[in-house]
Each structure stands twice: as C-alpha cells, then as structure tokens.
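Given next are the chains, with one letter for each unit.
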Amino acid sequence: MPEPASPDLAAVSPSKTTLRILSILVFNFANYLTIGLPLAILPGYVHEHLGYSAFWAGLVISLQYFATLLSRPYAGRYADKIGPKRVVMFGLSGCLLSGVFYLLALGFDASPAVSLALLCAGRILLGAGQSFAGTGSTLWGISVVGSLHIGKVISWSGVVTYGAMAIGAPLGVLIFSLGGLTLLSACIILVALAALITAWRKPPVTGTASTQIPFRQVLGKILPYGMMLALASTGFGVIATFITLFYAAKGWTGAAFSLTFFSVAFVGMRLLLPNSITRFGGLQVALACFVVEILGLIMVFFAPTAWAAMAGAFITGVGFSLVYPALGVVAVKKLPQENQGSALATYSAFLDLSLGITGPLAGVLMAQAGIDAIYPGSALLVFIAMALGLRLLLRQPSPETSASVSND
C-alpha cells in the first residue's frame, strides 16, 4: 500500500521530519553526484584531449541543462499524475545511461567527432535524468512530510544537491587520475544503480492531481520569480563550467576545489540560516543574496592568486545559497497543492535555461574579451535580478509578503 500523502505532522518531531525528508532526498544526492563527478573533467577532456574549442567544451556541459529544461514540464506533470517514485526511478535510469555513453565514447577515442557525439548523448540523458530525479525526489519528500514543510524540503534539496557537487567535483578528479574516464564512468554507473535499487524498495506515494492547470497559466504565475532565479544562476554557471579553464589560463592549480568552496559555502548557509526565509520573507532574503553574490563574482574577477579566486567562489556560493528556496517558496505557493509538481518543475526550468545558455554565451564572450570578462558579465545580470526583485518587493503589500512565507 502507498504511504499517505499527508501524514499527521503534529505528532512528528522536527528531527524526525528532517530524517524523513533526507530518506527521500538521498536519491537527489545520488542524482547530483553523477552530475558532479564528471563536471571538472569533461571541459578539459573535450578541449585538451579531443581538441575542440572552449565553445564546444561549454556546449557539452550545457547540453545537460538544455535537456533538463525541455524535460522539466513532463517531470512535474508525471509526478503529479503517477506519483514521484516512478519519476525518480526513470530519472536515475537516465543518470546510469549517461555513464554508459561516457564509456562508449572511449571506444571511439581515435575519432573525436564520434566521441564528442557520444559524450553529448550522455549529457542529454543525464539532463533528462536530472529533471525527473530532482523534481520527483522533491515532490516525494513533500508528499511524505506534507505541504506545511515545502520550504524545508526545497532547502534540504539544495543542501544535498550542492553537497553532492562539493564531493563530486574533487572526487571525480581523483578517480580520473586513478583510472581515467573508464573508472569515472564505472563509478557513475554504480552510484546510479545503487540509488535505483534503493528507490525500488521504497513504498510509493500516490499522485494527487485532480485538475491540471494549463502550462500558460502556471508560467504566468511563476515567471517573475523564475526570471530572477535565471539571472542569479549565471554566477553558478560561470564558476561550475569555466573555473577550470580560468585557472588554467592563469597558470594556477586546484580549480576543482573552487567548486568545493562554492558548494561548502552554499550548504553551510542553508544549515546556518534554516529559518531566515520564514523570518524575513522570500524576496527580502533573495535581495540580500544578490548583493553578496555580486561581491563574490567581482572578487573572482580581480583575484591575484588561486586562493583569492577560491575566496571569491566561496562568497559567490554564500550569495547564491538561499536564492532558490527564497524565491521558490513564494513561487510554488502561487499554485494549488495538487499542481505543485508542475509549479516546481516550471520554476526549476528557469535554472536549467540559465545554465544552458550561460555555457555557450560565456564561451563566445571569452573568445571576444578573454575569460576574465565572464565574471563581471555575470555580476551585471545578478544586478538586474536584484533590480527586478526590489521592484516586486516595493509593489507587494507587507501583509501579503508575510502570508506568502508564513507556512515555510
């Protein structure tokens, strides 16, 4: 029998609620671990080993985000209709197949074009897997602990997501140094397979959708918050995709640890300030985050040493840490509970769109103005997000602001 979608939360302690959430979000951890493991490897592999330009190196990474973007609406609607467990398992299968395609690419190492095509296919499968496993696990967590804890589930989802990235990037470098792309691909397959077996053994929750709101209507309610998320996410995009090439251009080592510093800051802020959104309001927290993120990006731009760049990445992570949940809590609550899968998927799609566009556009900017230019360019976009958020805040009556986050 499926678990009830709305348990009696009054009898559940906060610590048990957190454990229930983490018992489901472990699948999102596995999902993002398969993303983080090759993240610091593939740009250099495509650029240096296969001999393609920085544009193609960025495109290989960005294909994942485009695939995630295109599959998000389906992930949300299927999670509402058939339940999140099946959606999670489908997504983890995509993560597993991405590792298989990385292995296949090795078999055509003498033919760079075929190898690149297979890597691209793996990235597309990983992108679809990311959307289904990420959306499904978040909705599964909400179903297990109830909609009262939407903010907590979204926040913890970010913790496990970037925790996996923090572990995955340097671990991927270590694995690659020990056994190349073969061992790295095998590890990705094993992580996804273990998560699939664990998810299969979990009892499901039922889908809840009784009426489906048209996508246009969902998009209209989510749009301003999604736009701010997209603009702010460029800071993460230029660090995650190009920090290795930035370090190489400067003659520095330790680029993977900049991703770790970013992720540690991200996770740390989520753990240190768990109630900040409830206390101050989603838009207010987002505005403060934008200011800090801009500072971090400018620090990377002016960094005279590798450690200074790591400090900038750390500050950028601090700033970006609460953007997603701060705006997400407000955005998701714009839709009825039975359509929150569609709401969450639509909101998250703006993150995917941002990361998908950031890679190739930053690659073009690098070619024209140098790799340093991508960091102040991203800071400018975050500033635009801050201006949009300030405009929304000034137009929003304070009672409504309080009501929008009172149930976080």
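Rules behind the numbers
- Residues numbered from 1 in each chain as written.
- Predicted model: local features only at pLDDT ≥ 70, side-chain atom pairs only at ≥ 80, totals over all residues.
- Heavy atoms only, no water.
- Helix = DSSP H or I, 4+ residues; strand = E, 2+ residues; numbered from the N terminus.
- Rg over C-alpha atoms; globule rule 2.2 N^0.38 Å.
- Buried < 20%, exposed > 50% of the residue type's maximum accessible area, 1.4 Å probe, protein only.
- Contact = heavy atoms within 4.5 Å.
- Areas by Shrake-Rupley, 256 points an atom, 1.4 Å probe, with all protein chains shown as cover.
- Lys, Arg positive; Asp, Glu negative; His and termini not counted.
- Charge placed at Lys NZ, Arg CZ, Asp CG, Glu CD.
- pLDDT = per-residue confidence, 0-100.
- Core = buried A, V, L, I, M, F, W, Y, C linked by side-chain atoms within 4.5 Å.
- Patch = residues over 30% accessible without salt bridge, like charges linked within 9 Å, V, L, I, M, F, W, Y side chains within 5 Å.
- Salt bridge = Lys/Arg side-chain N within 4 Å of Asp/Glu carboxyl O.
- Axes fitted to C-alpha atoms, helices over the stretch in contact; angles between N-to-C directions.
- Left-handed = near helix turned anticlockwise from the far one by under 90°.
- Nonpolar A, V, L, I, M, F, W, Y, C, P; charged D, E, K, R; others polar.
- 1 Å grid on protein atoms, 1.4 Å probe; cavity = no way out; pocket = protein on both sides within 12 Å on 5 of 7 lines; lining within 4 Å.
- Points joined across faces, edges and corners; volume = space filled by probe spheres on them.
- Expected span 1.5 Å × (residues − 1).
- Arc of directions from axis to C-beta.
- Polar contact = N/O pair within 3.5 Å; in protein donor to acceptor, adjacent residues only side chain to side chain.
- Parallel < 35°, antiparallel > 145°, perpendicular 65-115°, else oblique.
- Phe/Tyr/Trp six-rings, centres within 6.5 Å; stacked < 30°, edge-to-face > 60°.

**With respect to the overall build of the protein chain**
Logical step 1: Check the secondary structure of the protein chain and you find 15 helices and zero strands.
Logical step 2: Scaling as 2.2 N^0.38, a compact globule of 408 residues should have a C-alpha radius of gyration of about 22 Å, and the protein chain matches this with 20 Å.
Logical step 3: Across its three principal axes, the protein chain shows a C-alpha extent of roughly 60 × 45 × 40 Å.
Logical step 4: Burial analysis of the protein chain (408 residues in total) assigns 58% to the buried set.
Logical step 5: Taking contacts inside the protein chain between residues at least 6 apart in sequence as the whole, the part at least 24 apart equals 87%.
Logical step 6: Split by element, the accessible area of the protein chain, about 15,700 Å² in all, is 71% carbon and sulfur.
Logical step 7: Both charge centroids of the protein chain, one from 20 positive and one from 11 negative side chains, sit 6 Å from each other.

**Remarks on the confidence of the model for the protein chain**
Logical step 1: Confidence along the protein chain averages 84 in pLDDT terms, with 91% of residues attaining 70 or more.
Logical step 2: Here residues 1-10 is a poorly scored stretch, pLDDT under 50, and it has 23 contacts once near neighbours within four places are set aside; other chains count.
Logical step 3: Counting interchain partners and residues more than four positions distant, the pLDDT-below-50 stretch residues 399-408 has 21 contacts.

**Side note on the nonpolar core**
Logical step 1: Membership of the largest hydrophobic core comes to 126 residues, with the highest contact counts inside it found for Phe246, Tyr247, Phe290, Phe320, Leu327 and Tyr375.
Logical step 2: Considering every element that reaches this core, the biggest residue donor is helix H6 (residues 150-201), with 18 residues.
Logical step 3: Phe320 has contacts with Tyr162, Ala232, Ser233, Phe236, Phe262, Phe266, Glu293 and Leu351, leaving out every residue within four places of it along the chain.

**A closer look at a nonpolar patch on the surface**
Logical step 1: Among the surface-exposed residues, Ile167, Leu171, Leu174, Leu178 and Leu183 lie close enough to one another that they form a single nonpolar patch of about 450 Å² accessible area.
Logical step 2: Within the secondary structure, Leu174 sits in helix H6.
Logical step 3: The class of Leu174 is partly exposed, set by a relative accessible area of 47%.

**Observations concerning the packing of H6 against helix H12 (residues 323-332)**
Logical step 1: The geometry of H6 relative to H12 is characterised by a closest axis approach of 9 Å and an angle of 145° between their N-to-C directions. Of the two elements, H6 crosses H12, and the hand of that crossing is right-handed. Contacts between H6 and H12 involve Ile150, Gly151, Ile154 and Ser155 from the former and Tyr324, Pro325, Gly328, Val329 and Val332 from the latter.
Logical step 2: Here the residues of the contact of H6 with H12 are counted per class, giving six nonpolar, three polar and no charged.

**Considerations on empty space enclosed by the protein**
Logical step 1: Evaluation of the coordinates by the stated rule reveals three cavities of 30 Å³ or more.
Logical step 2: Empty space within the largest cavity amounts to approximately 320 Å³.
Logical step 3: Along its surface, the largest cavity is lined by 25 residues, and Tyr32, Arg72, Thr161, Tyr324 and Leu351 are the ones closest to its centre.
Logical step 4: Looking at the lining of the largest cavity, the elements with two or more residues in it are helix H1 (14-39), helix H3 (54-82), helix H5 (112-145), H6, helix H8 (255-272) and helix H13 (340-369).
Logical step 5: Looking at the lining of the largest cavity residue by residue, the classes come out as 13 nonpolar, nine polar and three charged.
Logical step 6: Approximately 50 Å³ is the volume attributed to the second largest cavity.
Logical step 7: Forming the walls of the second largest cavity are Leu39, Met165, Ala169, Phe236, Leu259, Phe262 and Ser263.
Logical step 8: Of all the elements in the fold, those that place two or more residues in the lining of the second largest cavity are H6 and H8.
Logical step 9: Partitioning the lining of the second largest cavity into residue classes produces six nonpolar, one polar and no charged.

**Remarks on helix H14 (residues 374-395)**
Logical step 1: Along its 22 residues, H14 runs 32 Å from first to last C-alpha, staying within 8% of the 32 Å computed at 1.5 Å per residue.
Logical step 2: Three or more residues of H14 are buried, namely Ile374, Tyr375, Ser378, Ala379, Val382, Ala385, Met386, Gly389 and Leu393. Buried positions in H14, seen along its axis, are confined to an arc of 130° and lie on one side of it. In this structure, H14 carries Leu380, Leu394 and Arg395 as exposed residues pointing more than 90 degrees from its buried face.
Logical step 3: Close packing links the buried residues of H14 with helix H7 (215-250), helix H10 (282-302) and H13.

**Considering the side chain of Thr135**
Logical step 1: As for its position among the elements, Thr135 is in helix H5.
Logical step 2: Of the polar contacts made by the side chain of Thr135, one reaches the backbone oxygen of Ser131; its length is 2.9 Å.
Logical step 3: Not counting the four nearest positions on each side in its chain, Thr135 is found in contact with Arg72, Ala75, Gly76, Gln130, Gly341, Leu344 and Ala345.

**What to know about the packing of helix H2 (residues 42-49) against H5**
Pairs of packed helices are described in terms of their axes, by the angle between the two and the distance that separates them.
Logical step 1: Where H2 meets H5, the closest approach of the two axes is 12 Å, and the angle between their N-to-C directions is 165°. The orientation of H2 with respect to H5, classified from their angle, is roughly antiparallel. Classified by chirality, the crossing of H5 by H2 is left-handed. On the side of H2, the interface is formed by Leu42, Tyr45 and Val46, while H5 contributes Leu116, Leu119 and Arg123.
Logical step 2: Looking at the contact of H2 with H5, its residues break down into five nonpolar, no polar and one charged.

**Describing the packing of aromatic side chains**
Logical step 1: Overall, the coordinates contain 13 aromatic pairs when judged by the stated rule.
Logical step 2: With centroids separated by 4.9 Å and ring planes inclined at 55°, the aromatic side chains of Phe90 and Phe132 adopt a geometry described as tilted. Of this pair, Phe90 sits in helix H4 (residues 84-106) while Phe132 sits in helix H5, and the two are 42 residues apart along the sequence.
Logical step 3: Judged by its relative accessible area of 53%, Phe90 falls in the exposed class.
Logical step 4: Overall, the relative accessible area of 9% leaves Phe132 in the buried class.
Logical step 5: Between Phe261 and Trp307, the ring centres sit 6.2 Å apart and the planes meet at 65°, which makes this aromatic pair edge-to-face. Taken together, the residues Phe261 in helix H8 and Trp307 in helix H11 (residues 306-320) connect sequence positions 46 residues apart.
Logical step 6: Accessibility expressed as a relative area gives 29% for Phe261, which makes it partly exposed.
Logical step 7: Among the residues examined, Trp307 registers a relative accessible area of 61% and is labelled exposed.
Logical step 8: In textbook terms, an aromatic cluster arises when at least three aromatic residues are bridged by ring pairs, as seen for Phe236, Phe262, Phe266 and Phe320.

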